[in-house]
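Residues per chain, in single letters:
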Amino acid sequence: RKEVEQDPGPFNVPEGATVAFNCTYSNSASQSFFWYRQDCRKEPKLLMSVYSSGNEDGRFTAQLNRASQYISLLIRDSKLSDSATYLCVVRGDSSYKLIFGSGTRLLVRP
Amino acid sequence: NAGVTQTPKFRILKIGQSMTLQCTQDMNHNYMYWYRQDPGMGLKLIYYSVGAGITDKGEVPNGYNVSRSTTEDFPLRLELAAPSQTSVYFCASSPRQGAAKNIQYFGAGTRLSVL
């Protein structure tokens, strides 16, 4: 079983739609959780950290469910510029190593 | 504000050749990492370093070597290039403490083809 699993997609949605991605992780001792965004042929960049109580950053909302070991990302009012691959990232046992999911691809169409 | 700088951006190698991928960061971060990303896949950790003079293996270290003589530089060495090493290589760094301690900052990547 992969340590971090994501649906690869692609999710193909119209502009203005709401879309949600889920991610599951296998290590119940994981401490920190993130969503990174990766544009085609570019480096990953931090989108947002995920906090236990859930958190929001503009159109983006992240949730953590420790009991079920999954993380979600909700994007409201999708823009064309949201088209990218979204990587679910979990901090493993050590304080400095991150485990990356394979990513979920989002395509926002006009 | 350079951040993490990787060179070269692209390289084609012949089987058996060697090369060094350079990585430099100017954020005074203690932790540095090398990943590879194959098409449609996630990032796999090759090597990491928690400070100058200290390196350790990640998930896929075979065929690679690293050194960390300074805080700023973390080069990755391929000694005998093989087609299986065709990939995109990303270097990243993160601070040891502070609000951003769990956040990794990435370079733009090096696209390597071994033919």
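Rules and cut-offs
- Residues numbered from 1 in each chain as written.
- Chains lettered and ligands numbered in written order.
- Predicted model: local features only at pLDDT ≥ 70, side-chain atom pairs only at ≥ 80, totals over all residues.
- Heavy atoms only, no water.
- Helix = DSSP H or I, 4+ residues; strand = E, 2+ residues; numbered from the N terminus.
- Buried < 20%, exposed > 50% of the residue type's maximum accessible area, 1.4 Å probe, protein only.
- Contact = heavy atoms within 4.5 Å.
- Lys, Arg positive; Asp, Glu negative; His and termini not counted.
- Charge placed at Lys NZ, Arg CZ, Asp CG, Glu CD.
- Buried area = accessible area lost by both parts, 1.4 Å probe.
- Salt bridge = Lys/Arg side-chain N within 4 Å of Asp/Glu carboxyl O.
- Polar contact = N/O pair within 3.5 Å; in protein donor to acceptor, adjacent residues only side chain to side chain.
- Core = buried A, V, L, I, M, F, W, Y, C linked by side-chain atoms within 4.5 Å.
- Disulfide = S-S within 2.5 Å.
- Phe/Tyr/Trp six-rings, centres within 6.5 Å; stacked < 30°, edge-to-face > 60°.

K.L.:
Explanation requested: the overall build of chain B in the structure shown.
P.N.:
Tallying secondary structure elements over chain B gives 0 helices and 11 strands in all. Sequence-ordered secondary structure for chain B, helices as α and strands as β, is β-β-β-β-β-β-β-β-β-β-β. For chain B, the spread of C-alpha atoms along the three principal axes comes to 45 × 30 × 25 Å. Out of the 115 residues belonging to chain B, those deemed buried represent 46%. Residue pairs at least 24 apart in sequence account for 54% of intrachain contacts in chain B once pairs closer than 6 positions are excluded. Computed over 11 positive and 7 negative side-chain charges, the inter-centroid distance for chain B is 5 Å.

K.L.:
It is not clear to me how the interface of chain A and chain B should be interpreted in this structure. Could you clarify?
P.N.:
Interfaces are often sized by the accessible area lost when the parts come together. Counting from both sides, the interface comprises 18 residues of chain A and, opposite them, 19 residues of chain B. Together chain A and chain B conceal approximately 1600 Å² of surface at their shared face, both sides included; 56% is due to carbon and sulfur atoms. Taken together, chain A and chain B are joined by 0 salt bridges. Secondary structure elements with two or more residues in the side of chain A that touches chain B: β4 (33–38), β5 (44–50), β9 (84–91) and β10 (98–100) of chain A. Among the elements that make up the side of chain A that touches chain B, the one with the highest residue count is β4 of chain A (3 residues).

K.L.:
Explain the environment of arginine 111 of chain B to me, please; I cannot follow it from the model alone.
P.N.:
Within the secondary structure, arginine 111 of chain B sits in strand β11 (residues 110–114). C-alpha separation for the pair arginine 111 of chain B and glutamine 37 of chain B, spaced 74 residues apart in sequence, amounts to 9.7 Å. Aside from chain neighbours lying at most four places away, what touches arginine 111 of chain B is Arg41 and Lys42 of chain A together with Lys9, Phe10, Arg11, Ser87 and Val88 of chain B. Within the structure, arginine 111 of chain B has its side chain in polar contact with the backbone oxygen of arginine 41 of chain A (distance 3.0 Å).

K.L.:
Is there a simple way to think about the nonpolar core in this case?
P.N.:
Inside soluble globular proteins, nonpolar side chains tend to come together where they are buried. Within the largest apolar cluster, 23 residues are counted, with the highest numbers of intra-cluster contacts made by Phe21, Trp35, Ile71, Leu73, Ile75, Tyr86 and Leu106 of chain A. Elements that contribute at least two residues to this core include exactly β3 (19–25), β4, β5, β7 (60–65), β8 (70–75), β9 and β11 (104–109) of chain A. Setting aside residues no more than four positions away along its own chain, isoleucine 75 of chain A makes contact with Ala17, Thr18, Val19, Phe21, Arg59, Phe60, Asp82, Tyr86 and Leu106 of chain A. Counting residues in hydrophobic clusters, the runner-up holds 19 residues, among them Val4, Met19, Tyr47 and Ala81 of chain B.

K.L.:
Mind showing me how you'd approach the state of the cysteines here?
P.N.:
Two cysteines, two sulfur atoms, one covalent bond between them: this is a disulfide. Scanning all chains against the criterion turns up 2 disulfides over all chains. The partner cysteine of cysteine 23 of chain A in its disulfide is cysteine 88 of chain A, sulfur to sulfur 2.0 Å. Torsion about the S-S bond of the cysteine 23 of chain A and cysteine 88 of chain A cystine: about -70 degrees, corresponding to left-handed handedness. Of this pair, cysteine 23 of chain A sits in strand β3 while cysteine 88 of chain A sits in strand β9, and the two are 65 residues apart along the sequence. An identical accessibility class is assigned to cysteine 23 of chain A and cysteine 88 of chain A; each is buried. Paired through a disulfide, cysteine 23 of chain B and cysteine 91 of chain B show a sulfur-sulfur distance of 1.8 Å. Its S-S torsion of approximately -70 degrees makes the covalent link between cysteine 23 of chain B and cysteine 91 of chain B left-handed. Note that cysteine 23 of chain B is positioned in strand β3 (residues 19–25) and cysteine 91 of chain B in strand β9 (residues 87–94), a separation of 68 residues in sequence. An identical accessibility class is assigned to cysteine 23 of chain B and cysteine 91 of chain B; each is buried.

K.L.:
Please clarify how the packing of aromatic side chains should be interpreted in this entry.
P.N.:
Residue and element names in this part refer to chain A. Scanning the entire structure with this criterion turns up 12 aromatic pairs over all chains. Aromatic pair phenylalanine 21 and tyrosine 86: ring centres 5.5 Å apart, planes at 40 degrees, arrangement tilted. Within this pair, whereas phenylalanine 21 is found in strand β3, its partner tyrosine 86 is found in strand β9, the two being separated by 65 residues in sequence. Arranged with centres 4.9 Å apart and planes meeting at 45 degrees, the rings of tyrosine 25 and phenylalanine 33 form a pair that is tilted.

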